[in-house]
Amino acid sequence: MNKKFTTVLTLAFSTLVFSQNLNFGDVKMKKLLLSSNNTNNIAFDINGASIAIDTNNDGEIQQSEADKIIKLNIKQDDKFKYLDADKTKLNEIYYQAHLPDNVKDILLFKNLEEAYVFDAKSINIHFKDNDKLRIFHGIVRNENTEKTVIFENSSGLTDVNNVVFQYLDDYNNTRVVQDQSKLSIINCPNIKGEVVLRNNIKELEFKNVNITNFVIDEIKLLDNLKISGLPSLTSILWNDKRYTSIGSERKNPLTIDASNNINLTSIVVDDYSGDNYSLMIDKLNVKGNSNLKKIRGLNSETIDFSNDGLRNLEELDIAYRNKYIYSSQVEVSFGDVKNINLKGLPNLKRFIGFNQKLESIDFSSNPLLEEIDLINTVDFMPQLTISNLNNL
């Protein structure tokens, strides 16, 4: 009887131990993490010390072992990754055997506060209901690696700039901004107040966050911003005071969806570029913003807010600024606006539209206009009627 009881107890204990082993979806990620030790800086405990995750050396990682890890570097051990001390000759067999296909297994580490990804084929991860993770860096060697990161219901994230995307240029031994990166922040309670974006991200989305002012500070990569349905949002400012050729470096149109922000009052591109390329918005969705008063920096081929509910808009600035505002040293550079409809803007008081090749503008729906600037633009207009504008 005792022997039978002992056998059953042993089996139960074995099953319990087995059930505590983490179930990795990527065997190569498991191999990489099992290579961690007290010198290679892959895994760190609460004291900041590099440690081996597999403390009992059973070739598995139990949840209890994973829970001790506060910081992870998804990075192969250089001693085995390279064949030479100068790190110029890759050990291809080791490298491929320890190169994770993705990084989703990071989610198994429940107490993780910082994650840095250096070696992975792709980065596509969704942090949900996470109150620990506050820093995530995706730094890989392939510039075309797509990176998609979502933080949802995650109170650990307190600063949008703690999510960084870069790739390593081995030839120049430098980190370069990543051209394929998407970040979504959904219902994260500590992303609030004024948010200043200083890191380069290709696509950025906010949902259900309490942002009051959103500032894009000297960023040249962002192509797509989704920041709609935020009742707390009052302003969007794109602030460029450093990159002197930001316009010429842009490859794709800048699209902003800022719809249904009921307290939004201004969208401004504050471009101080020192060349002939204005940083401007190519596509803008502002439907449902009844309190919007100012838009500056729009350069769409066709502009039509007639059905967007912008009855309180007072200032619309579509000017294409050159190095010396109206012109360059040699000639004038013009924007892309070809057609504009100013109907639906009864409270418009200021219209700035210089350096655009517009052939006609109808101001008949804007009786409150007090200022119009069409320098160089008016040269393309056979006729311009302003007789109904008594406030000019």
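**A word on the overall build of the chain**
Logical step 1: Counting its regular elements, the chain contains 6 helices and 23 strands.
Logical step 2: Across the 392 residues that make up the chain, the buried fraction comes to 48%.
Logical step 3: Residue pairs at least 24 apart in sequence account for 50% of intrachain contacts in the chain once pairs closer than 6 positions are excluded.
Logical step 4: Carbon together with sulfur atoms contributes 47% to the accessible area of the chain, which is approximately 19300 Å² in total.

**A look at the sheet that holds strand β17 (residues 283-285)**
Strands pair in a sheet through their backbones, by hydrogen bonds, and they do so in one of two ways: parallel or antiparallel.
Logical step 1: As summarised here, the arrangement of the 7 strands in space is β4-β6-β9-β11-β13-β15-β17, forming an open sheet in which the pairing is parallel. Each of the sheet's edge strands pairs with one partner strand only, and the pair in question is β4 (123-128) and β17. With direction set aside, neighbouring strand axes in the sheet form an average angle of 5°.
Logical step 2: Taken together, the 3 bridges between strand β15 (residues 255-257) and β17 define a ladder with parallel strand orientation. Residue pairing for β17: D257 is matched across the bridge by N285.

**A closer look at the pattern of salt bridges**
Logical step 1: A complete count under the given rule lists 16 salt bridges for this structure.
Logical step 2: A salt bridge links D217 to R198; the shortest N-O distance between them is 3.8 Å. Pair noted here: D217 is in strand β12 (residues 210-217) and R198 is in the loop between β10 (192-197) and β11 (203-207), with a separation of 19 residues, a long-range link.
Logical step 3: Judged by its relative accessible area of 52%, R198 falls in the exposed class.
Logical step 4: Residue D223 is joined to K202 by a salt bridge in which the shortest nitrogen-to-oxygen separation is 2.9 Å. In this pair, D223 sits in the loop between β12 and β13 (224-227) while K202 sits in the loop between β10 and β11, placing the two residues 21 residues apart along the sequence.
Logical step 5: Residue class for K202 comes out buried when judged on its relative accessible area of 12%.
Logical step 6: By sharing partners, the salt bridges in this structure join K28, D101 and K121 into a single network.

**Section: helix α2 (residues 27-34)**
Logical step 1: Along α2, the residues that are buried comprise K28, M29, K30, L32 and L33.
Logical step 2: For α2, the elements touching its buried residues are β2 (71-74) and α5 (92-97).
Logical step 3: Regarding α2, its N-cap is D26, as a side-chain oxygen of that residue lies 2.9 Å from the backbone nitrogen of K28 further along.

**A short note on the pairing of β4**
Logical step 1: Every second residue of β4 is oriented toward a common face, the buried set being I123, I125 and F127 and the non-buried set N124, H126 and K128.
Logical step 2: Sheet topology places β4 next to strand β6 (residues 147-152); 6 bridges connect them, and they run parallel. The residue bridging H126 from the neighbouring strand is I150, located in β6.

**Side note on the environment of K110**
Logical step 1: Locating K110 in the fold gives a position in the loop between α5 and β3 (114-117).
Logical step 2: Residues K110 and D67, spaced 43 residues apart in sequence, show a C-alpha to C-alpha distance of 6.0 Å.
Logical step 3: Among all residues touching K110, those that are not within four sequence positions of it are Q63, D67 and K132.
Logical step 4: A distance of 3.4 Å separates the side chain of K110 from the backbone oxygen of L107, its partner in a polar contact.

**Remarks on the packing of aromatic side chains**
Logical step 1: Under the defined criterion, the tally for this structure stands at 6 aromatic pairs.
Logical step 2: Taken together, the ring pairs connect F127, F136 and F151 into an aromatic cluster.
Logical step 3: Sitting over the ring of F44, K71 keeps its end group 4.7 Å from the ring centre.

**Some points on a nonpolar patch on the surface**
Logical step 1: The grouping of V378, L384, I386 and L392 at the surface amounts to a nonpolar patch, some 290 Å² of accessible area in total.
Logical step 2: Mapped onto the elements of the fold, L392 is located in the segment after β23 (371-373).

**Quick notes on the confidence of the model for the chain**
Logical step 1: On average, the chain scores 87 in pLDDT, and the residues at 70 or more come to 83%.
Logical step 2: Per-residue pLDDT stays below 50 along residues 5-19; that stretch engages in 0 contacts with residues further than four places along the chain or on separate chains.
Logical step 3: Segment residues 242-251 is flagged for pLDDT under 50; beyond a separation of four residues in sequence, or across chains, it makes 24 contacts in the model.

**Examining unusual backbone geometry**
Logical step 1: In this model, N153 sits at a positive phi of 50°, which is unusual for a non-glycine residue.
Logical step 2: The topology assignment puts N153 in the loop between β6 and β7 (163-169).
Logical step 3: At N260, a position not held by glycine, the phi torsion is positive, near 60°.
Logical step 4: Along the polypeptide, N260 turns up in the loop between β15 and β16 (266-271).
Logical step 5: With a relative accessible area of 46%, N260 lands in the partly exposed category.

Conventions we followed
Per chain, the residues get numbers from 1 upward, laid out in the order the sequence is written. Under the rules for a predicted model, residues below a pLDDT of 70 receive no local features and side-chain atom pairs below 80 are neither given nor counted, while totals for whole chains, interfaces and linings still include all residues. Only hydrogens and water are set aside when side-chain values are computed; all heavy atoms of the structure are taken into account. Each helix is a run of DSSP H or I of at least 4 residues and each strand a run of E of at least 2, with the numbering of both proceeding from the N terminus. Partly exposed describes any residue whose relative accessible area lies between the buried limit of under 20% and the exposed limit of over 50%, with all areas from a 1.4 Å probe on protein chains only and scaled to the type maximum. Here, two residues are considered to be in contact whenever any of their heavy atoms come within 4.5 Å of each other. Using a 1.4 Å probe, accessible areas were evaluated by the Shrake-Rupley method; residue-level cover was limited to the displayed protein chains. Strands were regarded as paired on the criterion that DSSP finds at least two bridges between them. Simply put, an axis is a line fit to the C-alpha atoms, just over the touching stretch for a helix, and the angle between two N-to-C directions goes from 0 to 180 degrees. Throughout this description, the term salt bridge denotes a Lys or Arg side-chain nitrogen within 4 Å of a carboxyl oxygen of Asp or Glu. Pairs of N or O atoms within 3.5 Å make up the polar contacts considered here, provided that, within protein, one atom can donate a hydrogen while the other can accept it, and that residues adjacent in sequence are counted only when both atoms are side-chain atoms. Each Phe, Tyr or Trp ring, with Trp reduced to its six-membered ring, pairs with another whose centre is within 6.5 Å; inter-plane angles below 30 degrees give stacked pairs, above 60 give edge-to-face pairs, and intermediate values give tilted ones. Whether a charge sits over a ring depends on NZ of Lys or CZ of Arg being within 6 Å of the ring centre and within 35 degrees of the ring normal. Patch definition: residues above 30% relative accessible area lacking any salt bridge, with like charges linked at up to 9 Å and the nonpolar side chains Val, Leu, Ile, Met, Phe, Trp and Tyr linked at up to 5 Å. Scored from 0 to 100, pLDDT records how confident the predictor is in each individual residue.

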